[in-house]
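# Coordinate inspection notes
Below are the chains, spelled out letter by letter.
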Amino acid sequence: MTDYAIYDVFTGSALAGNPLAVVFEADHFSDGQMQAIAREFNLSETVFVLKPGNPAHTARLRIFTSHRELPFAGHPTVGAAVALADRRLGGALPANGIDLVKMLEEQIGQVRCAVRMMQGKAGFAEFDLPKLSRELDVEIEPADIGAALGLDPHEIGFENHRVSLWSAGVPFVLVPVHDLAAAAKAECNAAEWERVAPMGDGQLAFAYVYCRGGVNHSASFHARMFAPGDGMPEDPATGSAVAALSGAIHHFDGLPEGNHALVIEQGVEMGRPSLIHLHIDCAGTEVSHVRIGGEAVRIAEGKLLI
């Protein structure tokens, strides 16, 4: 039997954010079994915790959607970091909380996570982006992208933000729209998206629609993510998309030197509101460091009887 837990990630409230299955001590599962278990949970992602290759590290993670394995994803990283802290501490927390550092091994590379655990509060984890976002040089026809998302040409773009392809390990077509109404209108046609979406980093890019502001007063940007070909008609919180977005924000907004703290709101239209914390550090005119973080709440636990 193998322990597992379900966490809602990028939220401090149960039954919001992005649900994640965390399977502990999963070294005995084959690749095929991991994929089958992820299909059984049928969540956007399931993360399997294995022994690290380097004994000085905390764990090795393998991340699966219901269709395939991913090299990196944000909400499994945040959720697994909090879950490992929960499992280690067993609820025994000092009155003023505790700070932990987790070094996680993922296919994309080593991911350093800082975790904050407080009594009576959701755990918070923040990780250093293992690869900075970069723009991929491909031909994109904004009208075709918009049509696949049910958007009119006049609804696409704001200020100098334009449709572009970015990746920090997972590629996303970033689609800026005028306002919250345009974002709410978006709906991805799976067949049309597969026809018009570009390839990036060896896979079909996902769609990430965003605008400034948000329903939550703290939000810098409001976003929606669509990946119908990967079993996700829509995803309530996508750390890898925010990782990609960090490059576009720096590029289009011309961020000056210093630290820029932003909050990305996602999942509102799905009834699962999420808040993703993004920190972009700029040295001169270049991005030097990016961190992504959020809260995670355990809502269930159990055992796999296999």
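In this report, we go over the structure that sits alongside the text. (Residues numbered from 1 in each chain as written. Predicted model: local features only at pLDDT ≥ 70, side-chain atom pairs only at ≥ 80, totals over all residues. Heavy atoms only, no water.)

## Digging into the nonpolar core
Phe172, Tyr208, Ile264, Leu278 and Ile292 are the most contacted members of the largest nonpolar core, which has 66 residues in total. Here Ile292 is in contact with Phe10, Ala125, Glu126, Phe127, Leu129, Gly239, Val242, Ala243, Ile276, His277 and Leu278, once residues within four sequence places are set aside. The next biggest cluster of nonpolar side chains, apart from the first, holds 24 residues, and it includes Ile145, Val175, Val177 and Ala205. (Core = buried A, V, L, I, M, F, W, Y, C linked by side-chain atoms within 4.5 Å. Buried < 20%, exposed > 50% of the residue type's maximum accessible area, 1.4 Å probe, protein only. Contact = heavy atoms within 4.5 Å.)

## Details of empty space enclosed by the protein
One water molecule sets the probe size; rolling that probe over the atoms shows where empty space is left. Under the defined criterion, the tally for this structure stands at one cavity of 30 Å³ or more. Approximately 50 Å³ is the volume found for the largest cavity. Taken together, Glu45, Leu70, Phe72, Ala73, Val170, Phe172, Phe206, Met225, Met232, Asp235, Thr238 and Ser240 make up the lining of the largest cavity. Classifying every residue of the lining of the largest cavity gives eight nonpolar, two polar and two charged. (1 Å grid on protein atoms, 1.4 Å probe; cavity = no way out; pocket = protein on both sides within 12 Å on 5 of 7 lines; lining within 4 Å. Points joined across faces, edges and corners; volume = space filled by probe spheres on them. Nonpolar A, V, L, I, M, F, W, Y, C, P; charged D, E, K, R; others polar.)

## Examining the layout of surface pockets
Size it by volume and the largest pocket reaches roughly 350 Å³. Together, 25 residues line the largest pocket, and Tyr7, Asp86, Arg87, Gly91 and Arg298 are the ones closest to its centre. Going through the elements one at a time, strand E1 (2-9), helix H2 (74-89) and strand E19 (286-304) are the ones with two or more residues in the lining of the largest pocket. Of the residues assigned to the lining of the largest pocket, the class counts are 14 nonpolar, four polar and seven charged. By volume, the second largest pocket is sized at about 150 Å³. Taken together, Ala190, Trp193, Glu194, Leu204, Ala205, Phe206, Phe226, Ala227, Pro228, Gly229 and Asp230 make up the full set of residues lining the second largest pocket. Mapped onto the lining of the second largest pocket, the elements with two or more residues apiece are helix H5 (190-196) and strand E15 (221-227). At three residues, H5 tops the list of elements feeding residues into the lining of the second largest pocket. Residue composition of the lining of the second largest pocket, by class: eight nonpolar, one polar and two charged. (Helix = DSSP H or I, 4+ residues; strand = E, 2+ residues; numbered from the N terminus.)

## Comments concerning the environment of Gly150
Structurally, Gly150 is set in the loop between helix H3 (142-148) and strand E10 (164-167). Judged by relative accessible area, Gly150 falls into the partly exposed class, the value being 35%. Taking the C-alpha atoms as reference, Gly150 lies 28 Å from Leu278; in sequence the two are 128 residues apart. In this view, Gly150 contacts Lys185 and Glu187; residues no more than four positions away in its chain are not counted.

## Observations regarding the packing of aromatic side chains
Scanning the model with the defined rule gives eight aromatic pairs in all. On the numbers, 5.2 Å between centres and 65° between planes, the contact of Tyr4 with Phe41 is edge-to-face. In this pair, Tyr4 sits in strand E1 while Phe41 sits in helix H1 (residues 31-41), placing the two residues 37 residues apart along the sequence. Neither Tyr4 nor Phe41 differs from the other in exposure class; each is buried. Ring pairing ties together the aromatic residues Phe29, Phe48 and Phe64, which thus form one cluster. (Phe/Tyr/Trp six-rings, centres within 6.5 Å; stacked < 30°, edge-to-face > 60°.)

## Topic: the pairing of E19
As defined by bridge partners, E1 adjoins E19 across eight bridges and the pair is classed as antiparallel. Bridge pairing links Ala5 to Glu301 in E19. Here six bridges tie strand E8 (residues 123-128) to E19, and the two strands are oriented antiparallel to one another. Within E19, the position partnered with Phe127 by the bridge is Ile292. (Pairing = 2+ DSSP bridges.)

## Some points on unusual backbone geometry
One non-glycine residue, Phe10, lies in positive phi territory at about 65°. Mapping Phe10 onto the fold places it in the loop between E1 and strand E2 (18-23). Its relative accessible area of 1% is what places Phe10 among the buried residues. Of note, the phi angle at Leu15 is positive, near 65°, even though the residue is not glycine.

## Some details on helix H6 (residues 239-253)
Because each turn of an α-helix spans 3.6 residues, side chains separated by three or four positions in sequence point in the same direction. The end-to-end C-alpha distance of H6, which contains 15 residues, comes to 20 Å, matching closely the 21 Å that a straight helix rising 1.5 Å per residue would cover. The element H6 is largely enclosed, with a buried count of 13 among its 15 residues. Once H6 finishes, Gly254 follows within two positions and takes phi at roughly 55°, a positive value. (Expected span 1.5 Å × (residues − 1).)

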